[in-house]
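What follows is each chain in one-letter form.
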There are 2 protein chains.
Amino acid sequence: MENTQTKDIILQLIEDKKYKAVREMLEDYNTVDLAEILMELDDKDLAIVFRMIDKEVASEVFSYMDDDQRQYLINVFTDREITEILENMYTDDAVDFLDDMPANVVTKLLSKVNKDTRADINRLLQYPEDSAGSIMTVEYVELQYNMDISEALDAIRRQGLGSETVYTCYVVERKELKGIVTAKELMTNEPDVLIKDIMLDNFVYIRTTDDKEDAAKLFHKYGLIAIPVIDTGNRMVGIVTFDDAIDVLQEETTEDIHKMAAIEASDDTYLKMGVFEHVRHRIIWLIVLMLIAGVTGFIIKSNEKLVSLLPALFVFLPTLMDTGGNAGSQSATLIIRGLSVDELDFSDFLSVLWKEIRVGFIIGIILAILEYIIVYFVSGFSIPIGIAVSVSLLLTVIVSKLIGCSLPMLASKVKLDPAIMASPVITTIVDICSIAIYFAITVKLVQ
Amino acid sequence: MENTQTKDIILQLIEDKKYKAVREMLEDYNTVDLAEILMELDDKDLAIVFRMIDKEVASEVFSYMDDDQRQYLINVFTDREITEILENMYTDDAVDFLDDMPANVVTKLLSKVNKDTRADINRLLQYPEDSAGSIMTVEYVELQYNMDISEALDAIRRQGLGSETVYTCYVVERKELKGIVTAKELMTNEPDVLIKDIMLDNFVYIRTTDDKEDAAKLFHKYGLIAIPVIDTGNRMVGIVTFDDAIDVLQEETTEDIHKMAAIEASDDTYLKMGVFEHVRHRIIWLIVLMLIAGVTGFIIKSNEKLVSLLPALFVFLPTLMDTGGNAGSQSATLIIRGLSVDELDFSDFLSVLWKEIRVGFIIGIILAILEYIIVYFVSGFSIPIGIAVSVSLLLTVIVSKLIGCSLPMLASKVKLDPAIMASPVITTIVDICSIAIYFAITVKLVQ
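Bear in mind the structure is a predicted one, so any value in this text is a computation, not a measurement.

What follows is about the interface of chain A and chain B. Of the residues lining the interface, 114 residues belong to chain A; the matching set on chain B comes to 114 residues. Across the chain A to chain B interface the summed buried area is about 10200 Å²; carbon plus sulfur atoms make up 70%. For the interface between chain A and chain B, the tally reads six salt bridges. Put simply, A:Lys221 and B:Asp33 hold a salt bridge, and the shortest N to O gap is 3.9 Å.

Shown next, in the form of structure tokens:
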């Protein structure tokens, strides 16, 4: 059933004061869908319905809701409700939520939770935004080296309910991670087998200071459900789970795609961002690129004589610029994506360059012939003009491909984000080149 | 230790005939890293080292290797080796591998495996490439409704080793999926609790015919490890696991990003694709766009009088075109990404349009003022020209933003992939508009 329909039914039931029916209805939904249903409600109904959600899942539902609604709920909640919510949330979700709240609200909220929770949250809040530490949770199952499986399963029954995952358990000795045991091992071996005999001691781990994107890529590479996080003192301090990793990968991809269109990254969605925020995220690059594009003006100005003698030349300049820009953007995009999914690195520079030269040459020839037909036969210009335009096109395409593949590669070499060397920058630079090439060739026509 | 170093050490050991040492060394690596190490080897060493890998993990390592190497190994393997590999691979990995092999090889290989495996593989091979069925596996744990937990754990010990995941078990009655039980429930409840009391009966599932990208998105939305797959006859036929889902999401994103740069999708990586393949994937769009861009030529041609009277005007045309293209690409990219991560849909069209009008107006004003300064003060052109250029720029930016946000939205409405309405298409269309606007305004100067 569509969540919007559900919403209407719920609202109707509330109007009719059939609260029991609402409760029963809500029980049929999982936490993610519940959060979606709540999103459909306006503030006045929100609190009513939220309070009807089973206490057991309320915190999880809360962690899936959007900030405006959470901010609103926090304001209408009693201290006891706030405490309950926060203490039952996984630390990483709580941190996620508090990260987006104003500092004074955070202090107020934290004052309401117990000492341990507060300590955990405060520690996680201190990790830099892009670090693995900032997305980890501290709820995981700790096992002892010398337990047997049945003891381990008891330990899981004790700690398990509060842990974000019980599918990878961690064998810890004096805070140091000795090995990991998967639930699969625990469930497929006999009860009397010892942990130390089934634990894996060469495991993948990350450090709190690692970049969260690199951490996320490990999940993809090794198909892991959770990765343990080690602090600078080699102590195990938490785990990162795959669902957070998928979030990170998606955010980072969105950031890349936006950068590739000369838009500055933002955490908010398109609709949530105000007009001025949108302006702020787009204007700088537009100005920079407009100023660079200005160079074309100087080139043209210094060829004014040519212009007045052969105005016809201008008929084909825009097509030349567009085609060059598109050809360059293709190469840039292929390289940028290749770099970001680790299919390419700087060591491939020469083979990429050699491939683009050949691709550019073949594509250039095809387009040049086509353009000659258009200039000479279709538009009826003179043979020399046809040749000038076609040759310029061929050279422009080759140059564009080379610039398009080189700039992202070089950016990665100097630890710049290759994504900024995408379509807009490439197009602008290529346009300057194409105009320069065009004049260099056409000027011969009037001599 | 870097995998390249490992490779050198291994090669050295092989040369010294220290095979035992190699075996011990290989035991320290997980399957993913082993596959990476093998990738470093050339064919003659490949077979030697692969045969030294523990039989238990060989099949899994094989499923992580790239096609060329697998093709090579298949050719040198004995029938017994082939059978072993294929029968120990998870069905989805086997299908993945066979999908990329020539038909005659597939038949040859399948003739070597037992009847059941062959039947499973053949069934999965028949699902269309983009369907959920094509990425599912048939190895999962089946439980009975009336088992208690200890019986369930026994069942897992029996079926578990061969299953791709034991963390979600499926309660099946006469082939029909009644509910799911998570390993967490199994491990955190007492042994005598009955399955029917802890099983979840409102679970997320997909159909074999669903689009695999939609399926992958469910993992992200609900943070699931595995999703059951139901066939058209409502029978449970397999599961999709989150690691395959992450692969799908990444492939689809790469496809989108390439489409956004007017490149046709390809399964191969940049380096694996030959020059002509690259040409084939890029040329069509370049031709189409070049022909569309040709329209600019007609506009200019029909204004030749203007050109010869005021050649100076051309000095600013490229800047105008570039800025318009960039402004439009920004909008297009924001909308396309918003649509693909389901933050936007067609119902938002009007609010998007209204937002882009305002953003475009503000950005346009800022850029226009800046450009006027450049034209009049810096370049020393006349006031009328300065005004003409600035006004054209303002209009161009607004129009670009509107085109940039509208085309992807409309594409999604008519079930076209919005990704094709990205930078290249937008830039080309916007250039036509900007030139038309520019002439419409500047023509006034010469009257």
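Anyway, onward from the coordinates.
Okay, the relation of the copies chain A and chain B next. You can overlay chain A on chain B at an RMSD of 0.1 Å; the transform is a turn of 180 degrees with a shift of 0.0 Å along its axis. In symmetry terms, the pair is related by a two-fold rotation axis. Nearest to the rotation axis, the C-alpha of A:Ser308 is located 2.8 Å from it, this being the minimum over chain A. Comparing contact sets, 100% of the residues at the interface of chain A also lie at the interface in chain B, consistent with an isologous, same-surface contact.

Once that is clear, we can look at the domain arrangement of chain A. Residue and element names in this part refer to chain A. Split into domains, chain A comes out as domain 1 (2-127), domain 2 (142-242) and domain 3 (289-445). Each of domain 1 and domain 2 has a C-alpha centre, and these two points are 30 Å apart. Taken together, the contact between domain 1 and domain 2 spans four residues of the former and five residues of the latter. At the boundary of domain 1 with domain 2, total buried surface from both sides reaches about 390 Å², with 44% on carbon and sulfur atoms. At the junction of domain 1 and domain 2, the tally comes to zero salt bridges. One can count zero residue pairs in polar contact (both at pLDDT 80 or more) joining domain 1 with domain 2. Along the lines of polarity and charge, the residues of the side of domain 1 that touches domain 2 split into two nonpolar, no polar and two charged.

Now for a nonpolar patch on the surface. Among the surface-exposed residues, A:Phe361, A:Ile365, A:Ile366, A:Ile369, A:Ile373, A:Phe377 and A:Val378 lie close enough to one another that they form a single nonpolar patch of about 650 Å² accessible area. Residue placement: A:Ile373 occurs in helix H19 (residues 349-378).

Next up on the list: the pattern of salt bridges. If you walk through the whole model with that rule in mind, you get 44 salt bridges over all chains. Put simply, A:Arg123 and A:Asp120 hold a salt bridge, and the shortest N to O gap is 3.4 Å. Of this pair, A:Arg123 and A:Asp120 are both found in helix H10 (residues 115-125), three residues apart, which corresponds to roughly one turn of the helix. Residue A:Asp120 is classed as partly exposed on the basis of its relative accessible area, which comes to 24%. Measuring nitrogen to oxygen at the nearest pair gives 2.6 Å for the salt bridge that ties A:Lys259 to A:Asp417. In this pair, A:Lys259 sits in helix H15 (residues 242-259) while A:Asp417 sits in the loop between helix H20 (383-413) and helix H21 (423-442), placing the two residues 158 residues apart along the sequence. Here A:Lys259 falls in the partly exposed class, since its relative accessible area comes to 23%. Here A:Asp417 falls in the partly exposed class, since its relative accessible area comes to 24%. Among the ionic contacts, a cluster of salt bridges with common partners joins A:Asp33, A:Glu36 and B:Lys221.

All names here are of chain B. Across the sheet, which stays open at both edges, the three strands sit in the order S4-S5-S6 with mixed pairing between neighbours. Pairing within the sheet leaves two strands with one partner each, and these edge strands are strand S4 (206-207) and strand S6 (236-241). As paired strands, S4 and strand S5 (residues 226-230) are joined by two bridges and run parallel to one another. Among the inter-strand pairings, arginine 207 is bridged to a residue of S5, identified as isoleucine 230.

Across chain A, the average pLDDT comes to 89, with 99% of residues at 70 or higher. Reported for the predicted complex are a pTM of 0.86 and an ipTM of 0.86.

The next point concerns the packing of aromatic side chains. All names here are of chain A. Evaluation of the coordinates by the stated rule reveals 27 aromatic pairs over all chains. Centre to centre, the rings of tyrosine 140 and tyrosine 170 are 5.7 Å apart; their planes meet at 85 degrees, and the pair counts as edge-to-face. With a gap of 30 residues between them, tyrosine 140 in strand S1 (residues 140-143) and tyrosine 170 in strand S2 (residues 165-173) connect regions that are remote in the sequence. Given the relative accessible area of 12%, tyrosine 140 is considered buried.

Residues and elements named next belong to chain A. Contact pair helix H4 (residues 43-52) / helix H6 (residues 67-76): the axes reach a minimum separation of 10 Å and the direction vectors enclose 70 degrees. With respect to H6, the axis of H4 lies roughly perpendicular. Touching Asp43, Lys44, Leu46, Ala47, Phe50 and Arg51 of H4 are Gln69, Tyr72, Leu73 and Val76, all from H6.

The subject of this paragraph is the state of the cysteines. Per the stated rule, a full pass over the model turns up zero disulfides over all chains. A:Cys433 provides the cysteine sulfur closest to A:Cys405, a residue in no disulfide bond, and the two sulfurs are 13 Å apart.

All names here are of chain B. The phi angle at lysine 175 is positive, at roughly 65 degrees, despite the residue not being glycine. Mapped onto the secondary structure, lysine 175 falls in the loop between strand S2 (165-173) and strand S3 (176-182). The exposure class assigned to lysine 175 is exposed, which follows from its relative accessible area of 57%. Residue asparagine 234 is not a glycine yet carries a positive backbone phi of 60 degrees. Position of asparagine 234 among the secondary structure elements: in the loop between S5 and S6. Relative accessible area serves as the criterion here: at 40%, asparagine 234 is assigned to the partly exposed category.

Right, let's get into the nonpolar core. Core analysis: the largest hydrophobic core is formed by 162 residues, its most contacted members being A:Phe50 and B:Phe50. The next biggest cluster of nonpolar side chains, apart from the first, holds 64 residues, and it includes A:Met290, A:Ala312, B:Ile283 and B:Leu313.

Cut-offs and rules
- Residue positions are given per chain, counting from 1 as you read along its sequence in written order.
- Starting at A for chains and at 1 for ligands, labels are handed out in the order in which the entities are written.
- Two thresholds apply to this predicted model, a pLDDT of at least 70 for residue-level local features and 80 or more for giving and counting side-chain atom pairs, whereas whole-chain, interface and lining totals are computed over all residues.
- With hydrogens and water excluded, all non-hydrogen atoms of the structure serve as input to the side-chain values.
- It only takes one pair of heavy atoms within 4.5 Å for two residues to be counted as in contact.
- Accessible area that two parts lose when put together, evaluated with a 1.4 Å probe and summed over both, is termed the buried area.
- Definition used for salt bridges: Asp or Glu carboxyl oxygen within 4 Å of a side-chain nitrogen of Lys or Arg.
- Here the copies are superposed with least squares, the fitted atoms being C-alpha atoms of residues at a pLDDT of at least 70 in both.
- Source of the domain bounds: an automatic or database domain assignment.
- Polar contacts, as counted here, are pairs of nitrogen or oxygen atoms within 3.5 Å of one another; within protein the pair requires one atom able to donate a hydrogen and one able to accept it, and residues that are adjacent in sequence qualify only if both atoms are side-chain atoms.
- When residues are grouped by polarity, Ala, Val, Leu, Ile, Met, Phe, Trp, Tyr, Cys and Pro land in nonpolar, Asp, Glu, Lys and Arg in charged, and all others, Gly among them, in polar.
- Patch rule: a residue counts if its relative accessible area is over 30% and it has no salt bridge; like charges are joined within 9 Å, and nonpolar side chains (Val, Leu, Ile, Met, Phe, Trp, Tyr) within 5 Å.
- A 1.4 Å probe and the Shrake-Rupley method give the accessible areas. Residues count as covered only by the protein chains that appear here.
- Under the scheme used here, helices are H or I runs from DSSP no shorter than 4 residues and strands are E runs no shorter than 2 residues, and both carry numbers assigned from the N terminus.
- Working definition: with a 1.4 Å probe on protein chains only, accessible area under 20% of the residue-type maximum means buried, over 50% means exposed, and in between means partly exposed.
- When DSSP locates at least two bridges between a pair of strands, those strands are taken to pair.
- A score from 0 to 100, pLDDT tells how confident the predictor is in each residue.
- Note on ring pairs: Phe, Tyr and Trp rings are taken, using the six-membered ring of Trp, and paired if centres are within 6.5 Å. Classes follow the plane angle, with under 30 degrees stacked, over 60 edge-to-face and the rest tilted.
- Only C-alpha atoms enter the line fits that serve as axes; for helices the fit covers just the stretch in contact. Angles between N-to-C directions range over 0 to 180 degrees.
- Oblique is the label for any angle not covered by the other classes, which are roughly parallel (under 35 degrees), roughly antiparallel (over 145) and roughly perpendicular (65 to 115).
- By disulfide we mean two sulfur atoms from cysteines, separated by a distance within 2.5 Å.
- Joining through side-chain atoms within 4.5 Å is the link that ties buried Ala, Val, Leu, Ile, Met, Phe, Trp, Tyr and Cys residues into a set, and such a set is a nonpolar core.

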